[in-house]
Amino acid sequence: MIWRKSARPRAALSEGGYETWVTADRSNTLTGYDGGLATRQTHLIYQDGRLRTLTLTEWERLAGFPDGWTASLPTSERYGTLGDSFHPGVAEWLGGRITAVHDGLTAHPTLLDPVTDPARAAVEFDQQLALFPV
Amino acid sequence: MGGPTGWWTHDTSPRPDDAPPSSDPASSWSHIVEETPDPHGPFWVTTEQAEKLVPRIESAEKVGKVDPFLLEILRGLTGQ
């Protein structure tokens, strides 16, 4: 069974603050701040009759890296490095989107042309801005 | 959704959250959690840590969101 902290206290517990833990249908975002001892981490796992928090290997898996990817670093730096990392899966997706846009531009070569008709370019710019109303 | 020209958002490109989590094995806890972690690893909750965690877990009683099983486990660790 796995829990994750779902709300951090907004005030000291003695002043009415509270934090909540829920069954983890998903993980929290990992940050270096939440690494280390169980009292800092935001996940708890009940396994084989014992309670623990995430291992560094599990941090690596959640961050999208192979097991032992950060093993050469001191323990405290491993949490910070993984917490600061950008998930390779997201990077791959973004790269795919950039490639797709590039391919789209290739399929519409006129979009790569220098602006030869400022009036038309202004109209197209306004059309695109209109998609993001403030 | 596409722009006026239809090229810049690529209607056919999937978004990361298109697929439900259950359809992606790599995102399930069973692929994340170690089955046999080091029994002496520092990640196991100690009595001292449990004593600090209990009041934090209990604090959710103020809003009726305390997890009784988690609280029971932690209290068991502290000998309460």
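Look up: the structure comes first, before these words.
These lines cover the structure that appears in this document, whether it is placed above or below. Quick caveat: nothing in here was measured; it's all calculated off a predicted structure.

Procedures and definitions
Residues numbered from 1 in each chain as written. Chains lettered and ligands numbered in written order. Predicted model: local features only at pLDDT ≥ 70, side-chain atom pairs only at ≥ 80, totals over all residues. Heavy atoms only, no water. Helix = DSSP H or I, 4+ residues; strand = E, 2+ residues; numbered from the N terminus. Salt bridge = Lys/Arg side-chain N within 4 Å of Asp/Glu carboxyl O. Buried < 20%, exposed > 50% of the residue type's maximum accessible area, 1.4 Å probe, protein only. Axes fitted to C-alpha atoms, helices over the stretch in contact; angles between N-to-C directions. Left-handed = near helix turned anticlockwise from the far one by under 90°. Contact = heavy atoms within 4.5 Å. Nonpolar A, V, L, I, M, F, W, Y, C, P; charged D, E, K, R; others polar.

A closer look at the environment of Lys-65 of chain B
Consideration 1: The topology assignment puts Lys-65 of chain B in the loop between helix H1 (47–58) and helix H2 (68–78).
Consideration 2: Here the alpha-carbon distance between Lys-65 of chain B and Trp-44 of chain B, two residues 21 residues apart in the chain, equals 24 Å.

Focus: the pattern of salt bridges
Consideration 1: Inspection of the entire model under this criterion finds seven salt bridges over all chains.
Consideration 2: Residue Arg-56 of chain B is joined to Glu-19 of chain A by a salt bridge in which the shortest nitrogen-to-oxygen separation is 3.0 Å. Of this pair, Arg-56 of chain B sits in helix H1 while Glu-19 of chain A sits in the loop between strand S1 (2–7) and strand S2 (20–23), placing the two residues on different chains.
Consideration 3: One salt bridge connects Glu-60 of chain A with Arg-78 of chain A, and the closest N-O pair in it is separated by 3.0 Å. On the criterion of sequence distance, the pair formed by Glu-60 of chain A in helix H1 (residues 56–62) and Arg-78 of chain A in helix H2 (residues 75–84) is long-range, its members being 18 residues apart.
Consideration 4: On the basis of relative accessible area, Glu-60 of chain A is assigned to the buried category, the value being 0%.

Description of the packing of H1 of chain B against H2 of chain B
All names here are of chain B.
Consideration 1: Orientation of H1 relative to H2, taken along the N-to-C sense of each, is 145°, at an axis distance of 8 Å. With respect to the hand of their crossing, H1 and H2 are arranged in left-handed fashion. Along its contact with H1, which presents Thr-47, Ala-50, Glu-51, Leu-53, Val-54, Ile-57 and Glu-58, the element H2 presents Leu-70, Leu-71, Leu-74, Arg-75, Leu-77 and Thr-78.
Consideration 2: Of the residues contributing to the contact of H1 with H2, the split by class is eight nonpolar, two polar and three charged.

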